[in-house]
Amino acid sequence: MNDSLNYFPAYTITEVAKFLGIPPATVRTWVKGRKYSSMAGEYFSKPLILGAGSSLLSFTNLIEVHVLRVIRKVHGVRLDKVRTALDYLEQEFGVSHPLATVKFRTDGVDLFVESLNQLLNVSRSGQLAMRSALEGLLTQVEYNAQEAIRFYPVIKSIVIDPTISFGKPVVVGTGVPTSSIVSLYNAGDEIEDIADEFSCGIEQVKAAIHYEAELLVA
């Protein structure tokens, strides 16, 4: 069992969906799987993401959902290609959470990873690939040598870090939860006063208010 805070059960499915701005049903399908029917009968589509061992999800799971959303919704990579890539990385490299630990690249069709200075097409079971103009997927995720450690839902303004404020969204460099800022703002405090209260910049306070407003309509 991994004792890192990255793997600590901290979020509900609804919270992860809210933080990432995607439907809870999508998150639930990716972490719980789903039943579906066809002419041949009923089937079960297994989860793509291994949960935290309870009804709650971890920071690692949050990153996995984010990366999977980018792969599927932004770059349009087919789900069967994703599943092949994840299965290959787990079986060949022993990676249990590849979506949060491996830096993927894509051409919009396949998924690629660097290994021993070679480019592997992991959605085609590790075929060697030609180097070309492949897009990186991870502009909002910060990594150390092993895994994702921070997620920036608003680039460099708001951060989700499992070691700060129990992994809730906070203003970068302050540790102040965005929810605390919005509580004062909704109570009628002026932005300048809130900035003084929390030793934040005015633009940071505005970013927190904007971020929390976006969560309400996600």
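To be clear, the structure that these remarks concern was listed above.
Let me sum up the structure you'll find in this document. (Residues numbered from 1 in each chain as written. Predicted model: local features only at pLDDT ≥ 70, side-chain atom pairs only at ≥ 80, totals over all residues. Heavy atoms only, no water.)

1. Overview of the environment of Val67
For Val67, the location among the structural elements is in helix α3 (residues 59-74). Note on Val67: relative accessible area 1%, which makes it buried. The spatial distance from the C-alpha of Val67 to the C-alpha of Leu99 is 6.3 Å, given a sequence separation of 32 residues. (Helix = DSSP H or I, 4+ residues; strand = E, 2+ residues; numbered from the N terminus. Buried < 20%, exposed > 50% of the residue type's maximum accessible area, 1.4 Å probe, protein only.)

2. Quick look at the nonpolar core
Among the nonpolar cores identified, the biggest contains 54 residues, and Leu62, Ile63, Val65, Phe104 and Val122 are the most heavily contacted of them. Of the residues forming this core, the biggest block, seven residues, is contributed by α3. Those residues in contact with Ile63 that lie beyond four places of it in its chain are Leu99, Ala100, Val141, Ala148, Arg150 and Phe151. (Core = buried A, V, L, I, M, F, W, Y, C linked by side-chain atoms within 4.5 Å. Contact = heavy atoms within 4.5 Å.)

3. Overview of the pattern of salt bridges
Counted according to the given criterion, the structure contains eight salt bridges. Between Asp87 and Lys46 there is a salt bridge whose closest N-O contact spans 3.8 Å. Taken together, the positions of Asp87 in helix α4 (residues 79-93) and Lys46 in the loop between β2 (41-45) and α3 put the pair 41 residues apart, joining distant regions of the chain. Assessed through its relative accessible area of 25%, Asp87 is described here as partly exposed. Note that Asp80 and Arg78 form a salt bridge whose closest N and O atoms lie 2.6 Å from each other. Using a relative accessible area of 41% as the deciding quantity, one classes Asp80 as partly exposed. Members of the salt-bridge network, linked through shared partners, are Lys81, Asp110 and Arg124. (Salt bridge = Lys/Arg side-chain N within 4 Å of Asp/Glu carboxyl O.)

4. Some points on the pairing of strand β9 (residues 148-154)
Within β9, five of the seven residues are buried, which leaves it mostly tucked inside the rest of the structure. In terms of strand pairing, strand β8 (residues 141-143) meets β9 through three bridges, oriented antiparallel. Bridge pairing links Val141 to Phe151 in β9. Connecting β8 to the antiparallel partner β9 that follows it, the hairpin turn spans four residues. As defined by bridge partners, β9 adjoins strand β10 (residues 158-160) across two bridges and the pair is classed as antiparallel. (Pairing = 2+ DSSP bridges.)

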